[in-house]
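# Secondary and tertiary structure notes
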Amino acid sequence: MSEVTSRRVVLQPSTVEVIFAWFQRVIAGYCLLFGILYWIKLIGFYPGSLWRFDLMPVHWQVAAVMLAVFFPFAAAGLWMLASWGPVIWFICAVTETVMYAGFPELFGHRLLIVVSHAAVALLYIVFRVVIYLQKRPARH
């Protein structure tokens, strides 16, 4: 073995980074599921009197179309561990939080969705802080 090959540093992800990657992929699965559910509502396959695009109120049409496109897009980004994946998820989470917490008279009360988005955001922040602290050079 040459001297150059023996001095190569193999970069291995830490345990926290591996768990963080799987966390993002689990959230990607949920985003894909939410996107599919919004598409089901849009095409009228959902049981309900107002759950077909042409029968929806305008506020639901705007929200449902936007989320039906953005949730699968966020899922792809999160699954690939791309830097833009969490950004698109954040847009979806803020949109649903504003819908259900800010305008419950229009969109209904879905406290579980609001709490789940807050929990995912908090876990994401915790992961990023821990990874940052692990990679920071030690002070002596």
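Residues numbered from 1 in each chain as written. Predicted model: local features only at pLDDT ≥ 70, side-chain atom pairs only at ≥ 80, totals over all residues. Heavy atoms only, no water.

## Some words on the packing of aromatic side chains
- Applying the stated criterion to the full structure yields eight aromatic pairs.
- Arranged with centres 6.2 Å apart and planes meeting at 15°, the rings of tyrosine 38 and phenylalanine 71 form a pair that is stacked. With tyrosine 38 in helix α2 (residues 15-43) and phenylalanine 71 in helix α3 (residues 58-79), this residue pair connects regions lying 33 residues apart in the sequence.
- Taking relative accessible area as the criterion, tyrosine 38 reaches 4% and is therefore assigned buried.
- By relative accessible area, which is 0% here, phenylalanine 71 ends up buried.
- Ring geometry for tryptophan 60 versus phenylalanine 107: centroids 5.0 Å apart, planes at 70°, classification edge-to-face. Here phenylalanine 107 lies in helix α5 (residues 104-107) and tryptophan 60 lies in helix α3, a separation of 47 residues in the sequence. (Phe/Tyr/Trp six-rings, centres within 6.5 Å; stacked < 30°, edge-to-face > 60°. Helix = DSSP H or I, 4+ residues; strand = E, 2+ residues; numbered from the N terminus. Buried < 20%, exposed > 50% of the residue type's maximum accessible area, 1.4 Å probe, protein only.)

## Quick look at a nonpolar patch on the surface
- On the surface, Trp39, Ile43, Phe45, Phe53, Val65 and Val69 cluster together to form a nonpolar patch covering roughly 620 Å² of accessible area.
- Those elements that place two or more of their residues in the nonpolar patch are α2 and α3. (Patch = residues over 30% accessible without salt bridge, like charges linked within 9 Å, V, L, I, M, F, W, Y side chains within 5 Å. Areas by Shrake-Rupley, 256 points an atom, 1.4 Å probe, with all protein chains shown as cover. Salt bridge = Lys/Arg side-chain N within 4 Å of Asp/Glu carboxyl O.)

## Quick look at the pattern of salt bridges
- Taken as a whole, this structure holds two salt bridges when the rule is applied.
- Across the pair glutamate 17 and lysine 135 runs a salt bridge whose closest N-O atoms are separated by 3.0 Å. Of this pair, glutamate 17 sits in helix α2 while lysine 135 sits in helix α6 (residues 111-135); the two residues are 118 residues apart in sequence, bridging distant segments of the chain.
- As a salt-bridge pair, aspartate 54 and arginine 52 come within 2.6 Å of each other at their nearest N and O atoms.
- Look at aspartate 54 and you get exposed, because its relative accessible area is 51%.

## Observations concerning α3
- Helix length check: α3, at 22 residues, gives a terminal C-alpha distance of 32 Å against a target of 32 Å (1.5 Å per residue), a fit within 8%.
- Among all positions in α3, only Trp60, Gln61, Ala63, Ala64, Leu67, Ala68, Phe71, Ala74, Ala75, Gly77 and Leu78 are buried.
- Against α2, α4 (85-102), α5 and α6 lie the buried residues of α3.
- Leucine 81 sits one or two residues past α3 and shows a positive phi near 60°. (Expected span 1.5 Å × (residues − 1). Contact = heavy atoms within 4.5 Å.)

## Overview of α6
- Spanning 25 residues, α6 covers 36 Å between terminal C-alpha atoms, matching the ideal 36 Å at 1.5 Å per step.
- The inward-facing, buried residues of α6 abut α2, α3 and α4.

## A look at the nonpolar core
- Ranked by size, the top nonpolar core spans 31 residues in total, and within it Ile27, Cys31, Tyr38, Trp60, Trp89, Met99 and Tyr100 carry the most contacts.
- Contributing elements (two or more residues each) for this core: α2, α3, α4 and α6.
- Residue contributions to this core peak at nine residues, all from α3.
- Not counting residues up to four positions away in its chain, the partners in contact with tryptophan 60 are Tyr38, Trp51, Met99, Tyr100, Leu106 and Phe107. (Core = buried A, V, L, I, M, F, W, Y, C linked by side-chain atoms within 4.5 Å.)

## Describing the side chain of glutamine 61
- Looking at the element boundaries, glutamine 61 is found in helix α3.
- A polar contact of 2.7 Å, which involves the side chain of glutamine 61, links it to the backbone oxygen of phenylalanine 53.
- Apart from residues no more than four positions distant in its own chain, glutamine 61 is found in contact with Phe53, Asp54 and Met56. (Polar contact = N/O pair within 3.5 Å; in protein donor to acceptor, adjacent residues only side chain to side chain.)

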